[in-house]
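Spelled out from the first residue to the last, the chains are:
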Protein chains: 2
Amino acid sequence: MREQKHRVVIIGGGFGGLFAAKSLKKAPVEVTLIDRRNFHLFQPLLYQVATGGLSPANIASPLRGILKRQMNTRVLLGEVIDIDVNKRRVILKDGEILYDSLILSAGARHHYFNHPEWEKLAQGLKTIEDATEMRGRILYAFEQAERESGLATLKAWLTFVIVGAGPTGVELAGALAEIARNTLTHDFRTFNPADALVLLVEGTDRVLPPYPPDLSAKALQSLQRLGVIVRLDALITEIQSDSVTLKIGDQIEKIPTHTVLWAAGVLASPLGKKLAERTGAKLDRAGRILIEPDLTIPGHPEIFVIGDMASYCYQTERQLPGVCQVAMQQGKYAAQLIQSRLKKKTIKPFHYKNLGDMATIGRAAAVADFGWTRFSGWPAWVLWIFIHIFNLVEFENKLLVMVQWAWNYFRRNRSARLITEQVRTQRENS
Amino acid sequence: MREQKHRVVIIGGGFGGLFAAKSLKKAPVEVTLIDRRNFHLFQPLLYQVATGGLSPANIASPLRGILKRQMNTRVLLGEVIDIDVNKRRVILKDGEILYDSLILSAGARHHYFNHPEWEKLAQGLKTIEDATEMRGRILYAFEQAERESGLATLKAWLTFVIVGAGPTGVELAGALAEIARNTLTHDFRTFNPADALVLLVEGTDRVLPPYPPDLSAKALQSLQRLGVIVRLDALITEIQSDSVTLKIGDQIEKIPTHTVLWAAGVLASPLGKKLAERTGAKLDRAGRILIEPDLTIPGHPEIFVIGDMASYCYQTERQLPGVCQVAMQQGKYAAQLIQSRLKKKTIKPFHYKNLGDMATIGRAAAVADFGWTRFSGWPAWVLWIFIHIFNLVEFENKLLVMVQWAWNYFRRNRSARLITEQVRTQRENS
């Protein structure tokens, strides 16, 4: 009888899960990668889909395609609903899978704090469907503006409020300002798209709060040069279908708008809560599991939690940022630790090496922070483009992205400006 | 006071409507193009989206972008619900627009004859959403197959039935056979995708019925070489979620399958029926309006009906085919007639000039019929690619399509293999 190989089950095909799987390529294990979707999503460019610069397929690669030559790995389309930690089983909606080691990397969704009713009004940006929905809402607002004759209603359709000035919010604001000022010129007959108002609302005292203050200042300058209006120290107190209300200090400001885009809080996958219930592991406020220095949970060295589901505070006493670099390095570490254990070796605790943080603000402006050096403007932008393109998983995607971007860059155009069905149905029903 | 220019209202931004608008570029008229969608769709390549070879944005161009420099034309996103022929008003869901000349080119939807209950079971292919839904269902079937252990259920998931062997059905069958035999090789662990069964069902006695018989024979050969099973003279008598029943002569054949793709009948936009009620114009069985030799309707020389909504039989005593060539030439003719009337001139009745018919059957096989010459195989395929690429409306689309296709051609790959939300929700609810 053939000996049963060590079974590694990975939940989630994002950066963490995919890199864990790839790092196990030559290991004497049987890997099962489970995801609800059949593709890996390059999330850092999701805002480009939301603003019509790229198509969904440009930033999504079928997981089977990526892993097709990795013969020790199978991919399963399925939804995990629970984990039986005693019998070491992953419970799917329609089946179950046994594991010897489990890597949990199911990511996070956007989060509306104590206002679940905002979800319908303020579109978030975590999935491909979020991105096409957001793209549709932005374009739909301009279409409605073309049909409005009243000045007040016109202004509300041309006001875009982005909540949260982290990298996603900043990049969205920059792209939106450019759409209004460049891409849509000549497209409309009854108004000037450049009159659109892009408002970026942030709860802390600066944009890009995780970055060093001088880069935040540079980013703010770039945003303002593009005409983006930034409101700092501002809290959202109410969202309605035709307005947003802010509180800045003692001031209350009510802004008429039909288009609110949500780039604020995130909440870890509900699987985290399930796992905490089953194991007694602790959760932080964002639903992340507090993990050990080796990325496992207390009392269960066979269960790893990585990426946006994990709260890891050993290194800096601060939470590691929710970026793909962290998830990739954690995925790789988990794979290494599993292999070391099979060889009865030990390795050092996980250590995150920050290779640099970057954000773009519209066309040809960016900020970059590599720790040992920081820069902004053109050089940072070129670097940003290259790093992102070369990180896209499959070669054809890279090629296409490069062609499309280069072309957009010269024409200031965005070809993927489609309003697809979702939006229309929702808007018509509302 | 400025004189009111002649107002031309065009309903529908497909090939007919768009070419009518473009042909009016220099005319002293005011053009309003109304569409429910914000983009023009290059329908002949829709099956490429349905099979993951192209992305939606590759074959869709924003109407505003196409017409942005045509200053006598405005584009309106809106849904026409009726036409008031007496007061010459187009009634929108939320407004109305006056016309002096009206061009009706709202196209057709797929049609399930007397079986509306088949719509949910057999996915049609007319819109971008149809295409992404069909793509999702095809890929989902392979995903389910990976999880099946029973041989009979496995076979049902790996059986794809395409109803209708017109150009769309034939092209779909060819592309599907290639996906199974080439693209997905190595992607699965529990079965061989090449075992998939692609079945093409046609009600008449040959594939590509509108083409000359010798090209139909060539197409049949190409399909069989790709492993497609063709059933001729076959009627669909029943569709269920796990089977399709055919009647061939006296034989009844029940085929277990979860994936039925509909490429059979079409029905003209319901606006045709509305217009017939208002004017007494006649409809044919497919809901098309019987038009005069100058493309107008009896008693209303100011109302043109073109493209898939029009039944035009003066030329050959046969209905003109539902292809973009016909719609484009009709759109151009309507524009010319409107301009001639403004100059008090007359022109000859519409005459359709067939520039050739083509269909592809998988990679590097095609049939072409130009009247004066017919050919098939490689040369027809290369021609097909070039004609389609150069007909795509915007340059960036052409460039992208060329890059992506060239790349796919060498790699036998299809990068846009995404299952998006629609499918999953439907399947889960069913």
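The structure displayed is predicted, hence computed values, not measured ones.

Describe the overall build of chain A, listing the residues and the values that go with them.
For chain A, the helix and strand inventory stands at 12 helices and 26 strands. Taken against the 2.2 N^0.38 rule, which gives 22 Å for 430 residues, the C-alpha radius of gyration of chain A at 22 Å falls within 12% of a compact globule. Along the first, second and third principal axes, the C-alpha atoms of chain A reach 80 × 50 × 45 Å. Burial analysis of chain A (430 residues in total) assigns 59% to the buried set. For chain A, the accessible area works out to roughly 18,200 Å², and carbon and sulfur atoms hold 54% of it. Computed over 54 positive and 42 negative side-chain charges, the separation of the two mean positions in chain A equals 7 Å.

Mind laying out the pairing of strand E24 (residues 357-360) of chain B, listing which residues take part and the relevant values?
As a general feature of sheets, a regular strand has side chains that alternate between the two faces. Residues and elements named next belong to chain B. Residues of E24 alternate between two faces, with Asp357 and Ala359 on one and Met358 and Thr360 on the opposite face, all of them buried. Inspection of the sheet shows E24 paired to strand E25 (residues 366-369) by four bridges, in the antiparallel sense. Counterpart to threonine 360 in the pairing with E25 is alanine 366.

Please provide a residue-by-residue account of the sheet that holds strand E24 (residues 357-360) of chain A, values included.
Residue and element names in this part refer to chain A. The antiparallel open sheet is built from three strands, whose spatial order is E24-E25-E26. One side of each edge strand has no neighbouring strand; the edge strands of this open sheet are E24 and strand E26 (374-376). Sheet twist, expressed as the mean angle between neighbouring strand axes with direction ignored, is 5°. Direction of pairing for strand E25 (residues 366-369) relative to E26: antiparallel, over a ladder of three bridges. Residue pairing for E26: aspartate 369 is matched across the bridge by arginine 374. Against the sheet, helix H10 (residues 378-391) engages E24, E25 and E26, with an angle of about 105° to E24.

Describe in detail helix H9 (residues 324-342) of chain A, supporting the description with residues and values.
Residue and element names in this part refer to chain A. With 19 residues, H9 extends 27 Å between its outermost C-alpha atoms, agreeing within 8% with the 27 Å of an ideal straight helix rising 1.5 Å per residue. Here H9 lies mainly inside the structure; 14 of its 19 residues are buried. One or two positions beyond H9, positive phi appears at lysine 344, with a value near 60°.

Tell me about the sheet that holds strand E21 (residues 296-297) of chain B, and please be specific about residues and values.
Sheet strands pair by backbone hydrogen bonding; their relative direction is either parallel or antiparallel. All names here are of chain B. The six strands lie next to each other as E5-E2-E1-E9-E22-E21, forming an open sheet whose pairing is mixed. Two strands in the sheet have a free side with no partner beyond their single neighbour: strand E5 (73-77) and E21. With two bridges connecting them, E21 and strand E22 (residues 300-305) associate as antiparallel partners. Residue pairing for E22: threonine 296 is matched across the bridge by phenylalanine 304. Running over the sheet, helix H8 (residues 271-279) touches strand E1 (6-11), strand E9 (101-104), E21 and E22 and is turned about 165° from E22.

Give a description of a nonpolar patch on the surface that names residues and reports values.
Residue and element names in this part refer to chain A. There is a patch of nonpolar side chains on the surface, built from Trp378, Val382, Phe386 and Phe390 and spanning about 420 Å² of accessible area. Along the chain, valine 382 turns up in helix H10. On the basis of relative accessibility, which here comes to 33%, the residue valine 382 falls in the partly exposed class.

Residue-level account of the environment of glycine 14 of chain A, with values.
Residue and element names in this part refer to chain A. Of note, glycine 14 is situated in the loop between strand E1 (6-11) and helix H1 (15-23). Overall, the relative accessible area of 28% leaves glycine 14 in the partly exposed class. Taking C-alpha positions, glycine 14 is 9.9 Å from glycine 331, a pair spaced 317 residues apart along the chain. Aside from chain neighbours lying at most four places away, what touches glycine 14 is Asp35 and His40.

Break down the confidence of the model for chain A for me, citing the residues and quoting the values.
Per-residue confidence for chain A averages 89 on the pLDDT scale, and 91% of its residues sit at or above 70. Of the two predicted TM-score estimates for the complex, the pTM is 0.88 and the ipTM is 0.83.

Residue-level account of the packing of aromatic side chains, with values.
Residues and elements named next belong to chain A. Enumeration according to the criterion identifies 22 aromatic pairs over all chains in this entry. Seen in terms of ring centroids, tyrosine 140 and tryptophan 157 are 6.1 Å apart; in terms of plane orientation they differ by 70°. Their pairing is edge-to-face. Taken together, the residues tyrosine 140 in helix H4 (residues 128-147) and tryptophan 157 in helix H5 (residues 151-157) connect sequence positions 17 residues apart. For the pair formed by tyrosine 140 and tryptophan 157, the shared burial category is buried. Through a chain of ring-to-ring contacts, the aromatic side chains of Tyr112, Phe113, Trp118 and Trp262 assemble into a single cluster.

Give me the lowdown on the side chain of arginine 37 of chain A, citing residues and values where you can.
Within the secondary structure, arginine 37 of chain A is located in the loop between strand E2 (29-35) and strand E3 (39-41). A distance of 2.7 Å separates a polar atom in the side chain of arginine 37 of chain A from a polar atom in the side chain of glutamate 129 of chain A. Of note is the side chain of arginine 37 of chain A, whose polar atom sits 3.1 Å from the backbone oxygen of isoleucine 419 of chain B.

Please set out the packing of H1 of chain A against H9 of chain A residue by residue, giving values where relevant.
All names here are of chain A. Look at H1 against H9: their axes get within 7 Å of each other, and the N-to-C directions meet at 35°. In the packing of H1 onto H9, the handedness of the crossing is right-handed. For the pair H1 and H9, contact is made by Phe15, Gly16, Phe19, Ala20 and Ser23 and by Cys324, Ala327, Met328, Gly331, Lys332, Ala335 and Gln339, respectively. Taken together, the residues that form the contact of H1 with H9 break down as seven nonpolar, four polar and one charged.

Can you break down the pairing of strand E13 (residues 197-201) of chain A residue by residue, with the values?
All names here are of chain A. Extensive coverage of E13 is indicated by the burial of four of its five residues. Direction of pairing for strand E12 (residues 159-163) relative to E13: parallel, over a ladder of five bridges. Looking at E13, one finds that phenylalanine 160 is bridged to valine 198. Across three bridges, E13 lies against strand E14 (residues 229-231) in parallel orientation. The residue of E14 that forms the bridge with leucine 200 is valine 230. Regarding the hand of the β-α-β motif, the stretch spanning E13, helix H7 (residues 213-225) and E14 is right-handed.

Hey, could you go over the side chain of serine 101 of chain B for me, with residue numbers and the actual values?
In this structure, serine 101 of chain B sits in strand E9. Look past the residues within four positions of serine 101 of chain B in its chain and what remains in contact with it is His6, Arg7, Val8, Val9, Glu302 and Ile338 of chain B.

Before we move on, can you summarise the pattern of salt bridges with the specific residues and values?
If you walk through the whole model with that rule in mind, you get 39 salt bridges over all chains. The shortest N-O distance in the salt bridge between arginine 137 of chain A and glutamate 133 of chain A comes to 2.9 Å. One end of the pair is arginine 137 of chain A and the other is glutamate 133 of chain A, both in helix H4 and four residues apart, which spans about a single turn. Note that aspartate 308 of chain B is salt-bridged to lysine 126 of chain B, the shortest N-O span being 3.9 Å. One end of the pair, aspartate 308 of chain B, is in the loop between E22 and strand E23 (310-311); the other, lysine 126 of chain B, is in the loop between strand E11 (122-123) and helix H4 (128-147), and 182 residues separate them in sequence. One connected set of salt bridges, linked through shared partners, spans Arg64 of chain A together with Glu143 and Glu146 of chain B.

So what's going on with unusual backbone geometry? Residues and values would help.
Residues and elements named next belong to chain A. For leucine 295, which is not glycine, the phi torsion reads 75° and is therefore positive. With respect to the secondary-structure elements, leucine 295 resides in the loop between strand E20 (289-290) and strand E21 (296-297). Judged by relative accessible area, leucine 295 falls into the buried class, the value being 0%.

An account of the environment of asparagine 114 of chain A is needed here, citing residue identities and associated values.
You can see asparagine 114 of chain A is positioned in the loop between strand E10 (108-110) and strand E11 (122-123). Looking at asparagine 114 of chain A, the relative accessible area reads 71%, which means it is exposed.

Conventions we followed
- Residues numbered from 1 in each chain as written.
- Chains lettered and ligands numbered in written order.
- Predicted model: local features only at pLDDT ≥ 70, side-chain atom pairs only at ≥ 80, totals over all residues.
- Heavy atoms only, no water.
- Helix = DSSP H or I, 4+ residues; strand = E, 2+ residues; numbered from the N terminus.
- Rg over C-alpha atoms; globule rule 2.2 N^0.38 Å.
- Buried < 20%, exposed > 50% of the residue type's maximum accessible area, 1.4 Å probe, protein only.
- Areas by Shrake-Rupley, 256 points an atom, 1.4 Å probe, with all protein chains shown as cover.
- Lys, Arg positive; Asp, Glu negative; His and termini not counted.
- Charge placed at Lys NZ, Arg CZ, Asp CG, Glu CD.
- Pairing = 2+ DSSP bridges.
- Axes fitted to C-alpha atoms, helices over the stretch in contact; angles between N-to-C directions.
- Contact = heavy atoms within 4.5 Å.
- Expected span 1.5 Å × (residues − 1).
- Patch = residues over 30% accessible without salt bridge, like charges linked within 9 Å, V, L, I, M, F, W, Y side chains within 5 Å.
- Salt bridge = Lys/Arg side-chain N within 4 Å of Asp/Glu carboxyl O.
- pLDDT = per-residue confidence, 0-100.
- Phe/Tyr/Trp six-rings, centres within 6.5 Å; stacked < 30°, edge-to-face > 60°.
- Polar contact = N/O pair within 3.5 Å; in protein donor to acceptor, adjacent residues only side chain to side chain.
- Left-handed = near helix turned anticlockwise from the far one by under 90°.
- Nonpolar A, V, L, I, M, F, W, Y, C, P; charged D, E, K, R; others polar.
- Right-handed = clockwise from strand over helix to strand, strands pointing away.

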